[in-house]
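Notes for the structure review
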Amino acid sequence: MFYEDSYLHTRISILGSRLLTEDALPALIDHMDRETILTRACLDPKSHPTENVVWERHTLHCLLRDLSTILRPLTGKARAFFVFWARGFELFNLKTLIRGRLQGLAATDIEQHLREAPPFAALSLQKLLNTESLEELFRLLEDSIYGDIARQARFALQERHEQLAAETAIDSRYFTGLFKRAQTLAHPHDRQTVRLLGTRADTLNIAWLLRYRFNYHMGPSETYYHLIPHGRLLGPDRLLSLVELPDLKAVVRSLPQELRQLLAETSSSIEITNALERYFLNEAENTLTYGTSVLARAYAYLQLRENELDRLRAIMQGRSHGLDHRLIEAAVGITRSTTDVP
Amino acid sequence: MLTPEAMSQVRILVEQDQVYPTVLCLATFGAFAPDHDDTPPSELVGTPGEDYRRIFNQAESRLEKICGYFPEAMACDTGKLRVIDDGTLATANLKLGDLWSELSQYEEKSRLLDEETREIRQLESTLKNFSNLSIDLGRLSRPQTFLDIRVGITPRNNFDKMQKALGLAGYLVHPYLFAEDQVHLVVTGPRDARTAEAERILKSAAFRDFVIPTELHDAPEVVDARLQKQRARIAADRIELAERIAVWTQTHAPFLRQAAGVLAMAEPFVKVENAAHGEGRLTMISGWVPYAQLDGLREILKRELPAPSLIIARKPTDEEHQRVPSHVRRHPLLASFLTLVKQYGTPRYGEIDPTVLFAVSFVGMFGMMFGDVGHGLTIAAAALVMRRRLGGFTVVAVSAGISSALFGAAYGSIFGFEEIIHPLWRAPLSDPLLMLSIALAWGVVFLLLTDVLYIHNCLAESDIWGALLEVRGLAGIGLYLGILWAAYNGYFLGETGALPIALIISGLALFAVYRWRQVKAPFGERLMVVLVEAFEAVMGNISNTLSFLRVAAFSLNHVALAIAVFALADMLEPAGHWIMVVVGNLFILVLEGAIVTIQVLRLEYYEGFSRFYSGDGKPFLPLRLRGAVYTSGWEKSRSTANHKPNTEHAGGRAGIPG
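Residues numbered from 1 in each chain as written. Chains lettered and ligands numbered in written order. Predicted model: local features only at pLDDT ≥ 70, side-chain atom pairs only at ≥ 80, totals over all residues. Heavy atoms only, no water.

**Side note on the environment of Tyr171 of chain B**
Residue and element names in this part refer to chain B. Along the polypeptide, Tyr171 turns up in the loop between α5 (156–168) and β4 (172–179). Owing to a relative accessible area of 4%, Tyr171 belongs among the buried residues under this scheme. As a C-alpha pair, Tyr171 and Thr195 span 24 residues in sequence and 9.0 Å in three-dimensional space. With sequence-adjacent residues up to four places away left out, Tyr171 is seen in contact with Asp148, Leu166, Val187, Thr188, Gly189, Pro190, Thr195 and Ala198. A polar contact of 2.7 Å, which involves the side chain of Tyr171, links it to the side chain of Asp148. (Helix = DSSP H or I, 4+ residues; strand = E, 2+ residues; numbered from the N terminus. Buried < 20%, exposed > 50% of the residue type's maximum accessible area, 1.4 Å probe, protein only. Contact = heavy atoms within 4.5 Å. Polar contact = N/O pair within 3.5 Å; in protein donor to acceptor, adjacent residues only side chain to side chain.)

**Things to note about the environment of His113 of chain A**
Along the chain, His113 of chain A turns up in the loop between α6 (107–111) and α7 (125–129). C-alpha separation for the pair His113 of chain A and Gly100 of chain A, spaced 13 residues apart in sequence, amounts to 9.2 Å.

**Side note on the packing of helix α10 (residues 355–369) of chain B against helix α20 (residues 574–612) of chain B**
Residue and element names in this part refer to chain B. Put simply, α10 and α20 touch, their axes get as near as 10 Å, and they point 140° apart. Considered as vectors, α10 and α20 are oriented oblique to each other. Seen along the crossing, α10 lies across α20 with a hand that is right-handed. Two secondary-structure elements touch here, α10 through Leu357, Phe358, Ser361, Phe362, Met365, Phe366 and Met369 and α20 through Glu592, Gly593, Val596, Thr597, Gln599, Val600, Leu601, Leu603, Glu604, Tyr605, Phe609 and Phe612. Looking at the contact of α10 with α20 residue by residue, the classes come out as 13 nonpolar, 4 polar and 2 charged. (Axes fitted to C-alpha atoms, helices over the stretch in contact; angles between N-to-C directions. Parallel < 35°, antiparallel > 145°, perpendicular 65-115°, else oblique. Left-handed = near helix turned anticlockwise from the far one by under 90°. Nonpolar A, V, L, I, M, F, W, Y, C, P; charged D, E, K, R; others polar.)

**A few points about unusual backbone geometry**
Each neighbour pair has its own omega, and for His187 of chain A with Pro188 of chain A the value is 5°, a cis peptide bond. If you trace the backbone, Pro188 of chain A turns up in the loop between α10 (163–183) and α11 (189–215). In this structure, His217 of chain A takes a positive phi of about 55° despite not being glycine. Take His217 of chain A: it is sitting in the loop between α11 and α12 (220–226). The backbone of Phe415 of chain B shows a phi angle near 50°, a positive value even though the residue is not glycine. Along the chain, Phe415 of chain B turns up in the loop between α13 (393–411) and α14 (432–460). Relative accessible area serves as the criterion here: at 33%, Phe415 of chain B is assigned to the partly exposed category.

Written out as structure tokens, the structure reads:
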């Protein structure tokens, strides 16, 4: 451990100790009062947020507050990595804007679905909202730091007229950008952060591969093109062989042992997605607990916190709709053995 | 005089159809700032004009985008003062939407021309590099029955993934040139069922086909001629586009000016936002008006509005001080000093505006630290010469220069020469200890003055305990005087004495008790906070006082620098001597002048303002009509409207629950 990282290590440890453990979640669903849940999600305990977008706006604040704590002692490439990570929220808005413009929605309607821009956002959300056509939106974007992504998305839309093509282009570019920035971090931060990002890429690749191949019926080569070739266990060659397999079971059978075992008991895409998410979160927890790189730990913490906020939202929404506890547990990815059931 | 102007909170009740005229009237009045934080009576829950604001914002955005291309169109043609109703605003917005759509198409056309130019450039580079390919180019230009052959470019970022993905579809990718961020390549594959999939990958990868001219392998000069022709066509298209845009501008400029006028008239109502609340036919507009201008407001509303209005005015309560805007007016000579004060913050309502103290102490300290007749007059003269560029700051620079010259006369220094004029007082280096003592004494006076101002600010907010027991309050002054007394006794008499120590202890004890009651935390944390703050109170007073030694230090430094310049000059021949004197003086003027300015600002902000000035006030931003001064009165239809008598109530609720 570098002595200059001590401050951040301590802060990450304190923040990490406040995260909900996996064991505490069932009790949370069963017993915790709504005020406590709302407080954990940085919301006013007296508020009644029911809409997703209200939750997202508040929880984004929460996440960005933690991010600003992390950014405070960072400079140079380390800072650039986390700032780029936060740009993911901006790209979410960008995709919402493109979707809204494609569907011909009014600016006020699109605005309701936008997340609040992070404080160091590169784009003026209001300016983007003031655009009145996709062409104008792209012209504005091409002059921003997202020029490259915008050109790619414009081309995908012009040539293929598919929203999916534009969105996958944006996602893929973003992840590649994040990966490249992680590679430039100093040792040992680069190795540990890239490893965690690689695990994220593996889980995303499997989920996307199954979706593109077997839900959207894309061909192998086109599916491959939309994947992220930066996986930890699934490198480009493994992906090339996986995309050619004819069905979901064959894909699972051909995965590396670690992932094959993980998905052996699953039978549907939702189960697979949940198992993969759990797998990534386990990896993030391990990094947060045992990692020696403060940057990898910080990245792991942010991922875990984001997931926790999503789960809290699912619990609150499940409760407000009067859903059965089992359904809420399934939504937040908890699988209990029969002996655990109260 | 030293605090922001006294304000009144005003609630104006009007009939719904009189809201726009009232707001326009308030904008011409120019001293009404909307109060967006006022809690309306429970009966008036609606916020009128939401659609109006939405349309205005869209129209404003469109006009701004259009005027981004033609700034001259921004000059608004306001015409007579008039109410812009929903219909007029919507019509202007629609027309602006149409115009922006047309202009946007021109912009898109221009972008396409840029892209075409870029493609031609890339094609030229490709053709130059075709020699790298060992294949028959003639074949590439002809459609093949069994083979799908393409030549083109793709962004470098996409190349690796695209190559592997196309490999799965049975295609071969041959890159023959890596240029900037693009890869030039030949893609070949079987023309079968997978061709469509390959096509989709190529499109996803932003692959652009080059159309290979059939003449390529026969006559390169024909290709050149063809590309030249394309370039000429693009240039002609550009000229045509520019002409069309010029005609477009000429045609629509009058409307754009009118639209700017419409928006200027509509803007005040938009700025009122949620300071207006209404239900049914009644609307209430809340705002802040300088107390001295209340009668003026009543007068103008009575004169201009045809229907009666009800004005409820009251003084802001102590709890409201944080949200009352501060209207600070200063003599034009002090305006630039006020700008420097505002760099730190706007005075809170009721708080002392430190502009006068700042102006006097800034000018005085600068003069003492940079005392030289020649340097001072040079600064003043330079500021007068550059007055257009300096704007309001000319006053700051001239007064600092004059102060410097006056202190220079007292020190007997002119451009560093100390033999030319006799000092009216004494040269700093002749008695450095005296200079340091004076600086210290000035520091004590300055700090005590700031403590007095702090007490005033506490009292203005009815914070009696803060005024008495805070570290800058009476207890703090006792502590500070005790420290000074003890230091004086210790230095001159050899022992501190019991009374000063008693003063220190009682000051600290009072402050500690006050803070102990204020801090809400567990015992240990409370104890820690109080101990640390008490320690900081003692150390802060000492360090702040010693900080003023720099006032004397810089006056000595100024002389020392001049001596250094003359020492160097004396080592040179006559010509070199005078060059050195001039360059050395310039060096002192620019470098030391800048350092002294920074140090004085530091003393003002850190040692001064931080002790008494919160600077977290809200600036007074009254509704105004943008662009022009309106003296022309209302349009005929408005001015001939029947005036009904106004009903006024100062204070009280006058029948409006809330």
